[in-house]
Amino acid sequence: MRFLWLGIFAAVLVWSAIEPKDRVTWWLEVAPALVGLMVLVITRQRFVLTPLLYGLILLHCIVLMVGAHYTYAEVPLFDGLFSAERNNYDKVAHFVQGFVPAMIARELLIRQQVINGVFWRNFIIVCFCLAFSAFYELLEWLAAVAMGSSADAFLGTQGYEWDTQTDMALALLGSIIALVTLGRVHHKQLEKL
């Protein structure tokens, strides 16, 4: 399974790197996936994750690499989808940015026995995901300040004045939906570890 995961990751990464829309944006968007891969490789022997979590992390990496290839404002299947005036791939990515980290945080908190109560654990996970999303929006702001108008491809705002707020709201929604829909399946896999 590990080699299949790595094969899919590598194939999408190579595809993504072939003539991306903007090379600087490509590096900015792919960097989190590469860091995630390094963390997984380093911790693989000491801290094996559930199959569900490995699959979700791969999905998140693919979302990042597709966005990196086209830029988030120009992913083909999302142009005018549902009669939208903008390309909403960015919104899908921010939903995933809440969904996947929620499950990562859940696995870490349960396995490390940081918080035992379900209510407080879920509250902390949702707060973590919202904080992570806000941190990412601050990084986007810093990129915009540092790069000026050349940061437009990285930001993906497409002139939408509420982009930052809706990005964070979708990450928040993603985290809640992940906990509600995957909690039981995840728990069964945790019991097998």
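Going by the structure above, here's the rest.
Worth saying up front: this structure is predicted, and the values here are computed from it rather than measured. (Residues numbered from 1 in each chain as written. Predicted model: local features only at pLDDT ≥ 70, side-chain atom pairs only at ≥ 80, totals over all residues. Heavy atoms only, no water.)

Peer 1: An account of the overall build of the protein chain is requested, with residue identities and associated values reported.
Peer 2: From N to C terminus, the protein chain includes 7 helices and 0 strands. Helices (α) and strands (β) of the protein chain occur, in sequence order from the N terminus, as α-α-α-α-α-α-α. By the compact-globule yardstick of 16 Å for 193 residues, the protein chain fits well, its C-alpha radius of gyration being 17 Å. Looking at the protein chain residue by residue over its 193 residues, the buried ones come to 41%. (Helix = DSSP H or I, 4+ residues; strand = E, 2+ residues; numbered from the N terminus. Rg over C-alpha atoms; globule rule 2.2 N^0.38 Å. Buried < 20%, exposed > 50% of the residue type's maximum accessible area, 1.4 Å probe, protein only.)

Peer 1: Account for the environment of His-60, with residues named and values stated.
Peer 2: Secondary-structure assignment places His-60 in helix α3 (residues 51–70). The spatial distance from the C-alpha of His-60 to the C-alpha of Ala-33 is 7.9 Å, given a sequence separation of 27 residues. Those residues in contact with His-60 that lie beyond four places of it in its chain are Val-96, Gln-97, Val-100 and Pro-101. (Contact = heavy atoms within 4.5 Å.)

Peer 1: Tell me about a nonpolar patch on the surface, and please be specific about residues and values.
Peer 2: A contiguous nonpolar patch, built from Phe-135, Leu-138, Leu-139, Trp-141, Leu-142 and Val-145 and spanning about 620 Å² of accessible area, is present on the exposed surface. With respect to the helices and strands, the residue Leu-138 is situated in helix α5 (residues 118–147). (Patch = residues over 30% accessible without salt bridge, like charges linked within 9 Å, V, L, I, M, F, W, Y side chains within 5 Å. Areas by Shrake-Rupley, 256 points an atom, 1.4 Å probe, with all protein chains shown as cover. Salt bridge = Lys/Arg side-chain N within 4 Å of Asp/Glu carboxyl O.)

Peer 1: Could you give an account of the packing of aromatic side chains, with specific residues and numbers?
Peer 2: What the rule picks out here adds up to 10 aromatic pairs. Both rings, one in Trp-26 and one in Trp-27, keep their centres 4.8 Å apart while their planes meet at 80°; by these two values the pair is edge-to-face. Summarising the aromatic geometry, the rings of Phe-128 and Phe-132 are spaced 6.2 Å apart at their centres and angled 25° between planes, so their arrangement reads as stacked. Of the two residues, Phe-128 and Phe-132 are both situated in helix α5; the distance of 4 residues between them amounts to about one turn of the helix. (Phe/Tyr/Trp six-rings, centres within 6.5 Å; stacked < 30°, edge-to-face > 60°.)

Peer 1: Outline the packing of helix α1 (residues 2–17) against α3, listing residues and values.
Peer 2: Taken N-terminus to C-terminus, the directions of α1 and α3 make an angle of 10°; their axes are 9 Å apart at the nearest point. Judged on the interaxial angle alone, α3 and α1 are roughly parallel. Contacts between α1 and α3 pair Trp-5, Ile-8, Phe-9, Val-12, Leu-13, Trp-15 and Ser-16 from the former with Tyr-54, Gly-55, Ile-57, Leu-58, Cys-61, Ile-62, Met-65, Val-66, Ala-68, His-69 and Tyr-70 from the latter. Across the contact of α1 with α3, the residue classes tally to 15 nonpolar, 3 polar and no charged. (Axes fitted to C-alpha atoms, helices over the stretch in contact; angles between N-to-C directions. Parallel < 35°, antiparallel > 145°, perpendicular 65-115°, else oblique. Nonpolar A, V, L, I, M, F, W, Y, C, P; charged D, E, K, R; others polar.)

Peer 1: Describe the environment of Ala-68, and please don't skip the residues or the numbers.
Peer 2: Looking at the secondary structure, you find Ala-68 in helix α3. For the pair Ala-68 and Val-41, spaced 27 residues apart in the sequence, the C-alpha separation amounts to 22 Å. Other than its neighbours up to four places away in sequence, Ala-68 contacts Ser-16, Pro-20, Trp-26, Glu-29 and Val-30.

Peer 1: Can you break down the side chain of Thr-50 residue by residue, with the values?
Peer 2: Mapped onto the elements of the fold, Thr-50 is located in the loop between α2 (23–43) and α3. Non-local contacts of Thr-50, meaning those with residues more than four positions away in its chain, are made with Glu-107, His-186, Gln-189, Leu-190 and Leu-193.

Peer 1: Kindly report on the nonpolar core, identifying the contributing residues and their values.
Peer 2: Trp-5, Phe-9 and Ile-57 are the most contacted members of the largest nonpolar core, which has 41 residues in total. Put simply, the parts of the chain that give this core at least two residues each are α1, α2, α3, α4 (89–111), α5 and α7 (163–192). The element best represented in this core is α3, accounting for 12 residues. Leaving out residues up to four positions away in the same chain, Phe-9 has contacts with Ala-33, Leu-34, Leu-37, Leu-58, Cys-61 and Met-65. (Core = buried A, V, L, I, M, F, W, Y, C linked by side-chain atoms within 4.5 Å.)

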